[in-house]
Amino acid sequence: MIAYLNGGYMPLETARISPLDRGFLFGDGVYEVIPSYGGVPFLLDAHLDRLGRSLAAIRLADPLPGAAWRQMLGRLLEKNPGDDRSIYVQVTRGTAPRDHAFPASTLATVFAMVSPITPPGSALPETGVAAVTLPDQRWGRCDIKSVALLANVLARQQAVDDGAVEAILLRDGFLTEGAASNVFVVANGVVRTPPLTPAILPGITRALLLDLLRAKGRVCREEPILEAELRAADEIWLTSSTREVLPVTQLDRQPVGHGRPGPMWREARDLYRKTHSGAGMESSDDQ
Ligand code: PDD
């Protein structure tokens, strides 16, 4: 794989940054994960908008303004041909002697790499996945896509240790989101997801699904969801750029609804796939 680092393209194994990089020392940086299908980044504008908002929120000037992000990502994809890819982009406040306050001047570190998107297993539409609930121990600005992900890492590892694929986080008795995903619940035919507040990341997949389902006439509500409502849901889905729409069929070892992926999930998954395969790729029903 060819990576991009600070203006150059190189094999990923040879890319190097300084240990004084503020991303390494402080987690002082932001990132994006952009899916790409058939060599075309999906919903690139939305991802670049969110990157711009994350950079502004941490008071870091956009290091690749104008069309420069698009050009760099286009070249990176050319150098890493393939169908289903995810592009990881990270910007940190650069290299400087260690001090918590911002350095007077530094050059941001800009890094990007491409990896294959691993398709969900073929049994998924039959079985779904398991998730566990955990307390949300993150900070107050989860709307910033910060690289400081220690609480997310610990939560995901706890889920994996418990035989699950995701941790679904609860704060003050309400659902927030997954360790690296947004969460939807379905009850009585109504699709619900927590509202956009600093407690969650404004997911690009989340926003697209709300648009697609509403355009089909489905009732979708962005509103606070109580822990008890999560546990009583007919369906639970996880959404993210790399996992698309995943049906959760076990929560804390209890079945969700009938314990099988539900009909609304199937509709949402099909709508999502049709949209990203609109550029000419076929979507297959059997994954
Ligand atoms: N994470 N919430 C959190 C905390 C996330 O980390 C992510 C995605 C999402 C979903 O956002 P989107 O639909 O824009 O991917 C929600 C990426 C995939 C990651 O960290 O790898």
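Per chain, residues are indexed from 1 in the order of the written sequence. Given that this is a predicted model, residues contribute local features only at a pLDDT of at least 70 and side-chain atom pairs are listed and counted only at 80 or more, while totals for whole chains, interfaces and linings are drawn from all residues. Remark: hydrogens and water are excluded; side-chain values derive from all non-hydrogen atoms of the structure.

**Side note on the domain arrangement of the protein**
It is common to give the size of an interface as the accessible area lost on bringing the parts into contact. As assigned here, the protein comprises domain 1 (2-116) and domain 2 (124-274). Computed from C-alpha atoms alone, the centre-to-centre distance between domain 1 and domain 2 is 26 Å. Of the roughly 1,500 Å² buried where domain 1 meets domain 2, counting both sides, 67% is carbon and sulfur surface. Here's the idea: put two parts together, see how much 1.4 Å probe accessible area each one loses, and the total over both is what we call buried area. If you sort the residues of domain 1 by the area they bury against domain 2, Tyr31, Tyr37 and Arg50 come out on top, with a joint share of 36%. A pairing counts as a salt bridge when a side-chain nitrogen of Lys or Arg comes within 4 Å of a carboxyl oxygen of Asp or Glu. Applying the counting rule to domain 1 against domain 2 returns 0 salt bridges. We count a stretch as a helix when DSSP gives it H or I for four or more residues in a row; a strand needs E for two or more, and each element gets its number in order from the N terminus. If you list the elements that add at least two residues to the side of domain 1 that touches domain 2, you get β3 (29-37), α2 (44-57) and β5 (85-92). Sorting elements by how many residues they give to the side of domain 1 that touches domain 2 places β3 first, with 7 residues. Each domain span listed reflects an automatic or database assignment of domains.

**Comments concerning the site of the ligand**
The environment of the ligand is formed by 20 residues, the closest being Tyr31, Glu177, Ile204, Thr205 and Ser241. The definition of a polar contact used here is a pair of N or O atoms within 3.5 Å, where within protein one atom must be able to donate a hydrogen and the other to accept one, and adjacent residues in sequence count solely through side-chain atom pairs. At a separation of 2.8 Å, an oxygen atom of the ligand approaches a polar backbone atom of Ile204. Within the contact set of the ligand, an oxygen atom lies 2.6 Å away from a side-chain nitrogen or oxygen of Thr205. For every accessible area listed, the method is Shrake-Rupley and the probe measures 1.4 Å; residues are considered covered only by the protein chains on display. Across the complex, the protein chains shield 89% of the 470 Å² of accessible surface that the ligand would expose by itself. Of the residues contributing to the shell around the ligand, the split by class is 6 nonpolar, 10 polar and 4 charged. Consider each residue's heavy atoms; a residue with any of them within 4 Å of a molecule or strand counts as near. Amino acids are sorted into nonpolar (Ala, Val, Leu, Ile, Met, Phe, Trp, Tyr, Cys and Pro), charged (Asp, Glu, Lys and Arg) and polar (every other residue, Gly among them).

**A closer look at the packing of aromatic side chains**
The pairing test for Phe, Tyr and Trp rings, Trp by its six-membered ring, is centres within 6.5 Å, and the orientation test on the planes gives stacked under 30 degrees, edge-to-face over 60, and tilted for anything in between. Tallied over the entire structure, the rule returns 6 aromatic pairs. For the ring pair Tyr37 and Phe42, a centre distance of 5.8 Å and an interplane angle of 70° mean the geometry is edge-to-face. Ring pairs connect the aromatic residues Tyr31, Tyr88 and Phe111, which therefore count as one cluster. Think of it as a cone above the ring: NZ of Lys or CZ of Arg counts as a charge over the ring if it is within 6 Å of the ring centre and within 35 degrees of the ring normal. A cation over a ring is seen here: Lys79 above Tyr9, with NZ or CZ 5.0 Å from the ring centre. Above the ring of Phe102, the side-chain terminus of Arg93 is found at 3.6 Å from the ring centroid.

**Side note on the sheet that holds strand β2 (residues 8-11)**
On the basis of which strands lie adjacent, the open sheet formed by 6 strands has the order β2-β1-β6-β5-β3-β4 and antiparallel pairing. Bordering the open sheet on either side are β2 and β4 (40-41), each of which pairs with just one other strand. At least two bridges found by DSSP between two strands are what make those strands a pair. Relative to β2, strand β1 (residues 2-5) runs antiparallel, the two being bridged by 4 bridges. Residue pairing for β2: Leu5 is matched across the bridge by Gly8. Only heavy atoms enter the contact rule, under which two residues are in contact if any of them lie within 4.5 Å. In this analysis an axis means a line fitted to C-alpha atoms, helices contributing only their contacting stretch, and an angle means the value between N-to-C directions, from 0 to 180 degrees. Along the sheet, α2 contacts β3, β4 and β5; its crossing angle with β3, the most-contacted strand, is approximately 175°.

**A word on the packing of helix α6 (residues 204-215) against helix α8 (residues 263-276)**
With their axes 10 Å apart at the nearest point, α6 and α8 run at an angle of 105° to one another. Regarding the angle of α6 to α8, the classification is roughly perpendicular. Seen from α6, the contacting residues are Thr205, Leu208, Leu209, Leu212 and Leu213; seen from α8, they are Ala268, Leu271, Tyr272 and Thr275. Should an angle fall under 35 degrees it is taken as roughly parallel, and over 145 as roughly antiparallel, whereas 65 to 115 is taken as roughly perpendicular and any remaining angle as oblique.

**Things to note about the pairing of strand β13 (residues 235-240)**
Across the 6 residues of β13, 6 count as buried, placing the element largely inside the fold. Buried residues are those whose accessible area, probed at 1.4 Å on protein chains only, stays under 20% of the maximum for their type, while exposed residues exceed 50% and partly exposed ones sit between those limits. Both faces of β13 are covered, namely the face carrying Glu235, Trp237 and Thr239 and the face carrying Ile236, Leu238 and Ser240. Pairing geometry for strand β10 (residues 182-187) and β13, over 5 bridges, is antiparallel. The partner of Val186 across the bridge, within β13, is Glu235. Strand direction decides the pairing type here: β13 and strand β14 (residues 244-251), joined by 5 bridges, are antiparallel. Looking across to β14, one finds that Leu238 is bridged to Leu246. Between β13 and β14, which pair antiparallel in sequence order, lie 3 residues.

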